[in-house]
Amino acid sequence: METRPPIPLAVLVGIQTPDVDDVAHEASLAELGRLVKTLGYEVVGSVSQKREGTGAASLLGAGKLEELAALTGGSGVVTSMAAPPMTKARKRFEGAAEAARPAEPDPDAPRRPECVIVDHELSPSQIRNLERATGAQVLDRTGVIVEIFHRHANTREAKLQVEMARLKYVAPRLRESATGGGRQQGPGAGESNLALDRRKIRDRLAELKTQLEAVQRDSDHRRSARRDQLRVALVGYTNAGKSSLMRALTGSQVLVQDKLFATLDTTVRILQPETRPRVLVSDTVGFIKQLPHDLVASFRSTLSEALEASLLLYVVDASDPTYEAQLEVSRGVLRDIGADAVPSRLVLNKMDRVDATRRAALLEKHPDAIMLSAHAPDDVSMLRDTIVAFFEAEMVDDVLVLPYARQALIGEIYESARVLSEDHDETGRVLKVRGLPGAIARLRRSLAAR
C-alpha cells in the first residue's frame, strides 16, 4: 500500500510594530496561518515579537531567534557563509569531529518544523540569515501568496500571469541561493551561473509577455461583445463568500471552498431567474493584505471586469472582527485602477454568524449596506431584486420600428432590451422597449444600417 508523504510542518513568525494593535496583529497571523494551510502545511507553533520595525538583519532579536531555532533544531546563530581557512589544526579537528559524529537521529523522535513562514516581506539577506540560524526553509508572506496563486491558476491566462509574477519574485533572490560562481564554457564563456540564470528569466519574461498579450486580446474581444450588457462584479477580500454568492445568484457550479484564493479565474454567469435584458454576474479574484504588486498588475483581465462593470458589490465577511481593514484593502486596490468611480453597494455577508448585538452595531454603522447570508434563499432573492432595481432606475422607454426586411434583428432586440409591447403597421413591427440608453442607441444604429 502506497504511503503518503507526511504533511510539512511550519512555524509562523510575526513582528508587531508600534502602529499595529494586538487585535490586528493576531488577525494577521491567523490569516497567515490560513494561507499556509491552503499551501498544504500544518502550523505547529508561532513566534511573535514587538519591535520598532522589520529591517533588522535577522528580523528577530537574539533571544527570539534562539526561541525560534529551538523549535526548528537550528543553532540560533547567523553563521558566516565564508569557508574557514583549512589549516592543519582545523583538518585534524574536523577529522576528530567526523569520527565523533553521533548516530543517525531516532526515527521515532518528534518531527521538527521544516519551514519558517514570516508575516512580512523579507529581503534576500534576511531570508539567508534566518535560514542559517534556524536550519529550516524560510518563506515570507509574498512568497506564500505567489506559490498559492501558482498552484491554483487554471486558465491559460491566469497561468501566464502567475508565472510572470513568480519569476519577478524569484529573480532578485537568485543571488542569495546561488551556491557557486562557476563560469560557463563554450558559447557565452565567462558568464557566471548566476548571470546565466538571470538572463534566462529575462528571456522567459519576454516570452510570457508576448503570449499574455495575445491571450488578453482575445479576452478584450469577449468583453467588448458584452459592453452594452448589464454587468455586476463581485469584489472583496479573499474568503468573504463571493463564490458562494455567485453560485446562489446564478445557479452555476462554481468552486466553493473554505480556503483563501480557492478560485483565481474570472467567472461570468447570467443572473437567475433570467431578466430581459439579462444581467451578467462576474466573480473576481479576492484581495488580501500585502497582495504582491506584480500579482495586482498581472491580473489585468480580472480587474478589468471590475473596471468595466455597471455595478460593484463589495462583499465583506461581517463575522470577521477586522472586516473594516479588509474592506479598505479591497477599495484601495480598486482605487488604484480607477474602479472607485464605478457605482457600488456594500454587501455584509455571513450574517448568520453574527449575533443580534453585532447586527445592530453593523446596521447603525452601515445603514445602506445589504445584509445577508449567501446560504439563505430569501436573502439572495432580496439581493437579486436590489440588483434588478438598480438597473431599472437607469433604463428608459422607447419605440423601435423593425422593417419587415430586417426581421433578422428581432433576436438582437429581445437580447438587448425588454419588449413591453409589439404591434404591426405597414412599415414593419412597432416595438415598445425598455432598456439602457446605450443599448437602445446601439439598436437604433443597427436598424439604420443598410
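Structure first, text after, so check above.
Residues numbered from 1 in each chain as written. Predicted model: local features only at pLDDT ≥ 70, side-chain atom pairs only at ≥ 80, totals over all residues. Heavy atoms only, no water.

Asker: Tell me about the overall build of the protein, and please be specific about residues and values.
Answerer: The secondary structure content of the protein amounts to 16 helices and 13 strands. Among the 450 residues that make up the protein, the fraction classed as buried is 43%. In the protein, the share of contacts with a sequence separation of at least 24, taken over all contacts with a separation of at least 6, comes to 68%. Summed over all atoms, the accessible surface of the protein reaches about 23,600 Å², with 52% contributed by carbon and sulfur. (Helix = DSSP H or I, 4+ residues; strand = E, 2+ residues; numbered from the N terminus. Buried < 20%, exposed > 50% of the residue type's maximum accessible area, 1.4 Å probe, protein only. Contact = heavy atoms within 4.5 Å. Areas by Shrake-Rupley, 256 points an atom, 1.4 Å probe, with all protein chains shown as cover.)

Asker: A description of the packing of aromatic side chains should follow, citing residues and the corresponding values.
Answerer: We describe a pair of aromatic rings using the distance from one ring centre to the other and the angle between the two ring planes. Scanning the model with the defined rule gives one aromatic pair in all. Centre to centre, the rings of F390 and F391 are 5.2 Å apart; their planes meet at 80°, and the pair counts as edge-to-face. (Phe/Tyr/Trp six-rings, centres within 6.5 Å; stacked < 30°, edge-to-face > 60°.)

Asker: Now, about the layout of surface pockets: what can you tell me, with residues and values included?
Answerer: As a volume, the largest pocket reaches approximately 470 Å³. Of all the elements in the fold, those that place two or more residues in the lining of the largest pocket are helix 4 (124-134), strand 4 (137-140), helix 5 (141-152), helix 6 (156-170) and helix 7 (174-177). Per-class residue counts for the lining of the largest pocket are 10 nonpolar, three polar and seven charged. (1 Å grid on protein atoms, 1.4 Å probe; cavity = no way out; pocket = protein on both sides within 12 Å on 5 of 7 lines; lining within 4 Å. Points joined across faces, edges and corners; volume = space filled by probe spheres on them. Nonpolar A, V, L, I, M, F, W, Y, C, P; charged D, E, K, R; others polar.)

Asker: Just give me the short version of empty space enclosed by the protein, but keep the residues and values in it.
Answerer: One way to see where empty space is left: roll a probe the size of a water molecule over the atoms. Following the criterion strictly, the structure yields three cavities of 30 Å³ or more and no others. In terms of lining residues, the second largest cavity is bounded by V235, G236, Y237, Y314, V315, V316, D317, Y323, Q326, L327 and S330. Mapped by element, the contributors of at least two residues to the lining of the second largest cavity are strand 5 (230-236), strand 8 (311-317) and helix 12 (323-336). Each residue belonging to the lining of the second largest cavity can be placed in one class, and the counts come to seven nonpolar, three polar and one charged.

Asker: Residues and numbers for the sheet that holds strand 3 (residues 115-118), please.
Answerer: Taken in spatial order, the four strands line up as 2-1-3-4 in an open sheet, and their pairing is parallel. The strands lining the two open edges of the sheet, one partner per strand, are strand 2 (42-50) and strand 4. Strand-to-strand twist across the sheet, computed as the mean angle between neighbouring axes with direction ignored, equals 25°. As paired elements, strand 3 and strand 4 share four bridges and run parallel to each other. Bridging from a neighbouring strand, V118 pairs with D140 of strand 4. (Pairing = 2+ DSSP bridges. Axes fitted to C-alpha atoms, helices over the stretch in contact; angles between N-to-C directions.)

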